[in-house]
Amino acid sequence: MRHFLTLRDFSKEEILELINFASSIKKEPKKLLVDKSLAMIFEKNSTRTRMAFELGIKELGGRSLFLSSNDLQISRGEPIKDTARVIGSMVDFVMLRVNSHESLLEFARYSKAPIINGLSDLYHPTQVLGDLLTIKEFNKQGKVAFIGDANNMANSWLIAASILGFEIALAIPQNYAINAEILEFAKNEAKKSGAKILITHDKFEALKGKDVVITDTWISMGEEAKKVQKLKDFEGFIVDNKAMSVANEGAIFLHCLPAYRGYEVSEEVFEAHSEVIFTEATNRLHVVKAVLCFLDKFRGI
Ligand code: CP
Ligand code: NVA
């Protein structure tokens with residue numbers, strides 16, 4: 001059995017297979033998971049991820065159960081390992097959106113059903129798959145700038161780029177750092193794949209020569225108390241027209257959403273790239289379907 005917790009567990013060939021498969025079922029939807037069931041556990045809010053999984057399994061012929069962690073006995077102290085053994089024995093897949101990646105690992109240790117990461121503090125792998133499908137559809141090369149927080153999106157992009165052999169520059173504020181263990185992993189992968197990695201505090205340095213510009217909120221879910229400090233720390237990190245003009249001509253702008261205009265992105269840049277951004281959001285549906293079908297192949301193995 002395979003889980004989908006981070007792109008680290010997937011080879012370049014497997015990631016490309018997932019993107020190509022998502023692309024083909026986007027063109028020609030098929031009922032490939034008839035009567036299969038998916039439990040979705042959310043410890044945090046969601047619009048896109050919930051819709052993508054709920055509709056994705058339905059379009060594949062299966063069904064889903066939405067489980068808010070507030071309503072589960074987990075919120076009254078039932079251990080994850082017990083919850084995992086119960087839920088994992090009743091459904092075919094479990095998707096979790098969690099505060100701590102550790103909870104996902106614990107769930108995966110005890111679940112009989114494959115676990116899918118619908119966002120953790122460390123990674124957001126189905127989002128980056130959606131981004132990769134979008135980049136393919138808009139015919140862009142693998143030269144990427146990520147401007148913003150050293151967060152779950154930055155980590156997942158760094159991992160994807162390092163495995164796929166992309167050029168990636170991450171611009172993060174002074175006194176912020178990419179998770180050391182994740183950076184180490186990415187650097188080792190880059191030696192094999194030929195990926196080029198730059199970590200800088202200068203957003204213009206990161207943007208130079210790039211075809212794809214990415215940002216994400218500066219205040220991730222659960223960080224609301226840090227808002228005042230983070231807004232100070234991120235001053236100057238907005239992706240605006242001046243920033244986009246440093247990237248290559250015709251560069252696309254991606255945002256996983258929700259977006260906070262006037263903070264990480266200007267209204268002008270957001271609206272000028274809205275076709276790409278909302279294609280990216282819709283593509284979550286197709287990549288999620290590809291992930292479910294992929295994991296289904298490893299059932300019982
Ligand atoms: N991008 C993303 O995961 O959106 P939601 O938080 O709405 O699921
Ligand atoms: N970094 C953001 C992504 C939201 C989809 C968060 O974790 O809240």
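Note: the structure precedes this text.
What counts as what
Residues numbered from 1 in each chain as written. Chains lettered and ligands numbered in written order. Predicted model: local features only at pLDDT ≥ 70, side-chain atom pairs only at ≥ 80, totals over all residues. Heavy atoms only, no water. Near = heavy atom within 4 Å. Polar contact = N/O pair within 3.5 Å; in protein donor to acceptor, adjacent residues only side chain to side chain. Nonpolar A, V, L, I, M, F, W, Y, C, P; charged D, E, K, R; others polar. Helix = DSSP H or I, 4+ residues; strand = E, 2+ residues; numbered from the N terminus. Buried < 20%, exposed > 50% of the residue type's maximum accessible area, 1.4 Å probe, protein only. Pairing = 2+ DSSP bridges. Axes fitted to C-alpha atoms, helices over the stretch in contact; angles between N-to-C directions. Contact = heavy atoms within 4.5 Å.

Asker: Please explain the site of ligand 1 as it appears in this structure.
Answerer: Neighbouring ligand 1 are the residues Ser-46, Thr-47, Arg-48, Thr-49, Arg-97, His-124, Gln-127, Cys-256, Leu-257 and Arg-284. With respect to ligand 1, the side chain of Ser-46 contributes an N or O atom lying 2.7 Å from an oxygen atom. Thr-47 has a polar backbone atom sitting 2.7 Å from an oxygen atom of ligand 1. For the shell around ligand 1, a count of residues per class yields two nonpolar, five polar and three charged.

Asker: Could you clarify how one ought to interpret the environment of Leu-55 in this entry?
Answerer: Along the chain, the position of Leu-55 falls in helix 2 (residues 48–59). Assessed through its relative accessible area of 38%, Leu-55 is described here as partly exposed. It is 23 Å that separates the C-alpha atoms of Leu-55 and Ala-259, two residues lying 204 residues apart in sequence.

Asker: Sorry, what's going on with the sheet that holds strand 1 (residues 37–42) here?
Answerer: Backbone-to-backbone hydrogen bonds pair the strands of a sheet. The strands run either parallel or antiparallel. Across the sheet, four strands lie side by side as 2-1-3-4; this open sheet has parallel pairing. The open sheet terminates on both sides in strands that have one partner only, identified here as strand 2 (63–68) and strand 4 (115–117). In this sheet, neighbouring strand axes are inclined to one another by 20° on average, regardless of whether the strands run parallel or antiparallel. The sheet contact formed by strand 1 and strand 2 spans six bridges and is parallel. Opposite Leu-38, over in strand 2, you have Ser-64 as the bridge partner. The sheet contacts of helix 3 (residues 80–90) involve strand 1, strand 2 and strand 3 (93–97), and relative to strand 1 the element is tilted by about 150°. Helix-sheet contacts for helix 12 (residues 274–297) involve strand 1, strand 3 and strand 4, and the interaxial angle to strand 4 is about 150°.

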